[in-house]
Amino acid sequence: MDIRLTHQQIHDAASQAFDRASKINGGKNASYIPYLANIDPLLFGLSVMLPDGTAFNFGDTTYRFGIESVSKVPTAILAMRQHTPAGVLDAIGADATGLPFNSIFAILLENDHPSTPLVNAGAISACSMIEPKGDSDAKWKAITDNITELCGSAPQLIDELYRSESATNFNNRAITWLLKNYNRIYDDPDMSLDLYTRQCSLGITSQQLAAMAATIASRGVNPVTHKQVFDPAIAPKITTLIATVGFYQHSGDWLYTSGIPAKSGVGGGVMGVMPGVLGIAAFAPPLDDAGNSVKAQAAVSEFTRILGLGVMNGDRVTVAG
Ligand code: GLN
């Protein structure tokens, strides 16, 4: 079927989705990272960006929250830019674990692969792959420059979050050294973990995440800067990873319900990609049992429901001004 959407329809759907999701409560802030436990649980923002750069924003869309696991997406893209999608498949894998994001069991089950760059194990492994090897400052610059290119504006490190997370990341230290045991850490292990922890501690806004999502939806062309940020062949690969494991053990339920591949973070962010059509991001701190924002999920799935959008629908969607 052909679906033709106007800017007005997209604006109205986002506005309605925001209003309805505002009334949905439930969930709890992440408590295992002290900084996140103290964020105002009532913050809520919803942002949509189209490939032509048109943006629709509702609520707290300029508030900088911890990007957390949404950072796994840009760094997986960077690993693909530097090593090709086939190289990332070989070094890390592209399988859903069906288990929590920080699962050690998942590594033991598949001791020849960290599974996917979008769980903690694979993300730490991806940080270890980033060039130039052995140079923490240069690797950090590559990671943040890539995020800046994808968003069209720079993220900012939240020092307090970085300290909070570094002081409590014992499980991730165990993951790192277990992966080292399986030869899946491709640089210094402590440096790789530190880069991962730091990228999770970047502050980002829902407006920036919607721009990143729209860049992926536009096969690497940033709608704000018009720059081709990455090879178009990477877009379906990263969207596949997002679809298969973006919500961890709830990824199937999520895609089944919402129809849109999306990635969550324990800072409360959700970033969704509708290939060729739009990018969407929502933010609200309280999380469900898998670490996915309750209100952000409601906002994004309500938006796709109102417009009848879904990657599996087989519709050809065009957006006119
Ligand atoms: N920094 C967090 C961690 O490693 C990210 C987890 C998440 O957002 N799901 O536990």
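Residues numbered from 1 in each chain as written. Predicted model: local features only at pLDDT ≥ 70, side-chain atom pairs only at ≥ 80, totals over all residues. Heavy atoms only, no water.

## Here we look at the sheet that holds strand S4 (residues 65–66)
Strand pairing in a sheet takes place through backbone hydrogen bonds and is either antiparallel or parallel in direction. An order of S4-S6-S5 is seen for the three strands of this open sheet, with the pairing classed as antiparallel. The open sheet has two edge strands, S4 and strand S5 (156–157), and neither has a second partner. Here two bridges tie S4 to strand S6 (residues 202–204), and the two strands are oriented antiparallel to one another. In the strand pairing of S6, Gly66 is matched with Gly203. Each of S5 and S6 is contacted by helix H6 (residues 136–151), which is oriented at about 5° to S6, the strand it contacts most. (Pairing = 2+ DSSP bridges. Helix = DSSP H or I, 4+ residues; strand = E, 2+ residues; numbered from the N terminus. Contact = heavy atoms within 4.5 Å. Axes fitted to C-alpha atoms, helices over the stretch in contact; angles between N-to-C directions.)

## Description of helix H12 (residues 251–258)
Buried residues of H12: Ser251, Trp254, Leu255 and Ser258, and no others. Taken around the axis of H12, the buried residues stretch over an arc of 90°, which confines them to a single face. Turned more than 90 degrees off the buried face of H12, the exposed positions are Gly252, Asp253, Tyr256 and Thr257. Those residues of H12 that are buried are in contact with helix H11 (234–245), strand S7 (262–264) and helix H13 (294–307). In the stretch just after H12, Gly259 is the one whose phi turns positive, near 75°. (Buried < 20%, exposed > 50% of the residue type's maximum accessible area, 1.4 Å probe, protein only. Arc of directions from axis to C-beta.)

## Re the packing of H6 against helix H10 (residues 206–217)
Running from N to C, H6 and H10 point in directions that differ by 85°, and their axes come no closer than 7 Å. One element, H6, and the other, H10, form an angle in the roughly perpendicular class. Across from Ile147, Leu150 and Cys151 in H6, the residues of H10 making contact are Gln208, Ala211, Met212 and Thr215. Classifying every residue of the contact of H6 with H10 by side-chain character gives five nonpolar, two polar and no charged. (Parallel < 35°, antiparallel > 145°, perpendicular 65-115°, else oblique. Nonpolar A, V, L, I, M, F, W, Y, C, P; charged D, E, K, R; others polar.)

## Points about the nonpolar core
Generally speaking, soluble globular proteins have nonpolar side chains that are buried together. In terms of nonpolar packing, the biggest core is built from 71 residues, with Leu209 and Ile238 touching the most fellow members. Excluding residues that lie within four positions of it along the chain, Leu209 makes contacts with Phe65, Ile67, Val70, Ile204, Met271 and Ala281. Among the nonpolar cores identified, the runner-up in size contains 33 residues, and Ala13, Phe247, Ile260 and Val317 belong to it. (Core = buried A, V, L, I, M, F, W, Y, C linked by side-chain atoms within 4.5 Å.)

## Considering the site of the ligand
Every residue lining the ligand is accounted for by Tyr32, Glu68, Ser69, Phe101, Asn120, Glu165, Asn172, Tyr196, Cys200, Tyr248, Gly265 and Val266. Here an oxygen atom of the ligand and a side-chain polar atom of Tyr32 are 2.6 Å apart. Contact between the ligand and Glu68: a nitrogen atom at 2.6 Å from a side-chain N or O atom of the residue. Most atoms of the ligand, that is more than half of them, are within 2 Å of grid points of the largest pocket. Classifying every residue of the shell around the ligand gives six nonpolar, four polar and two charged. (Near = heavy atom within 4 Å. Polar contact = N/O pair within 3.5 Å; in protein donor to acceptor, adjacent residues only side chain to side chain. 1 Å grid on protein atoms, 1.4 Å probe; cavity = no way out; pocket = protein on both sides within 12 Å on 5 of 7 lines; lining within 4 Å. Sits in = over half its atoms within 2 Å of the grid points.)

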